[in-house]
Amino acid sequence: MSDTNEFKITQIVDNGQIVQLSLIENISTEPISQKQMIIENVSNKLDSETKEQVMPLLEAILQAQPTVNVKTYQQTQITIGMPKGRYDNMGRPQVGSIIQVDLKKV
């Protein structure tokens, strides 16, 4: 199994000999509201006739509820420690830089 991903550097700790990089997957997530998720799930479960009767009522109920946005994807986080020489050979990427990490089972 092999998976190559881009990761964004979120933190760098350099103690002079070892450099530690904290990374998070470089993906964009769009928040989706709980209201939207409920409406879509109920809509998928109902036939069209029942949907016509239930959806206006459901939307009226949800209108009174606060909107809570949830992320639709949990990002992978990685922390890597390496010798300073290897970090220098990588071109000394900084916080916010994108690096590619190849993950595979050997």
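Here we summarise the structure given alongside this text. (Residues numbered from 1 in each chain as written. Predicted model: local features only at pLDDT ≥ 70, side-chain atom pairs only at ≥ 80, totals over all residues. Heavy atoms only, no water.)

1. A short note on the overall build of the protein chain
Across its full length, the protein chain holds three helices and six strands. The N-to-C order of helical and strand elements in the protein chain reads β-β-β-α-α-β-β-α-β. Scaling as 2.2 N^0.38, a compact globule of 106 residues should have a C-alpha radius of gyration of about 13 Å, whereas the protein chain reaches 22 Å, well beyond that. With the principal axes as the frame, the protein chain shows a C-alpha extent of 65 × 35 × 15 Å. Burial status across the protein chain gives 21% buried among its 106 residues. Long-range pairs, those at least 24 residues apart, make up 71% of the contacts in the protein chain with a sequence separation of at least 6. Summed over its atoms, the accessible surface of the protein chain is roughly 8000 Å², and 48% of this surface lies on carbon and sulfur atoms. Separation of charge centres in the protein chain, based on 10 positive and 12 negative side chains, amounts to 11 Å. (Helix = DSSP H or I, 4+ residues; strand = E, 2+ residues; numbered from the N terminus. Rg over C-alpha atoms; globule rule 2.2 N^0.38 Å. Buried < 20%, exposed > 50% of the residue type's maximum accessible area, 1.4 Å probe, protein only. Contact = heavy atoms within 4.5 Å. Areas by Shrake-Rupley, 256 points an atom, 1.4 Å probe, with all protein chains shown as cover. Lys, Arg positive; Asp, Glu negative; His and termini not counted. Charge placed at Lys NZ, Arg CZ, Asp CG, Glu CD.)

2. Concerning unusual backbone geometry
Its identity as a non-glycine residue notwithstanding, Arg92 has a phi of 50°, on the positive side. One can find Arg92 in the loop between helix H3 (84-89) and strand E6 (98-104).

3. Here we look at the environment of Glu52
Here Glu52 is to be found in helix H2 (residues 48-63). Judged by its relative accessible area of 65%, Glu52 falls in the exposed class. Taking the C-alpha atoms as reference, Glu52 lies 46 Å from Lys8; in sequence the two are 44 residues apart.

4. Looking at the nonpolar core
One finds Phe7, Ile9, Val19, Leu21, Leu23, Ile78, Met82, Tyr87, Ile99 and Val101 forming the largest nonpolar core, which totals 10 residues. Elements represented by at least two residues in this core include exactly strand E1 (2-14), strand E2 (18-25), strand E5 (77-83) and E6. The greatest single-element share of this core, amounting to three residues, is contributed by E2. For Ile9, the contacting residues outside a window of four places in its chain are Leu21, Ser22, Leu23, Pro93, Gln94, Val95, Gly96, Ser97 and Ile99. (Core = buried A, V, L, I, M, F, W, Y, C linked by side-chain atoms within 4.5 Å.)

5. Brief notes about the pattern of salt bridges
As enumerated under the stated definition, the model contains three salt bridges in all. One salt bridge connects Asp14 with Lys84, and the closest N-O pair in it is separated by 2.7 Å. Here Asp14 is found in strand E1, whereas its partner Lys84 is found in helix H3, with 70 residues between them in sequence. What makes Lys84 partly exposed here is its relative accessible area of 23%. Between Arg92 and Asp88 there is a salt bridge, and its shortest N-O distance comes to 2.8 Å. Among the residues examined, Asp88 registers a relative accessible area of 33% and is labelled partly exposed. (Salt bridge = Lys/Arg side-chain N within 4 Å of Asp/Glu carboxyl O.)

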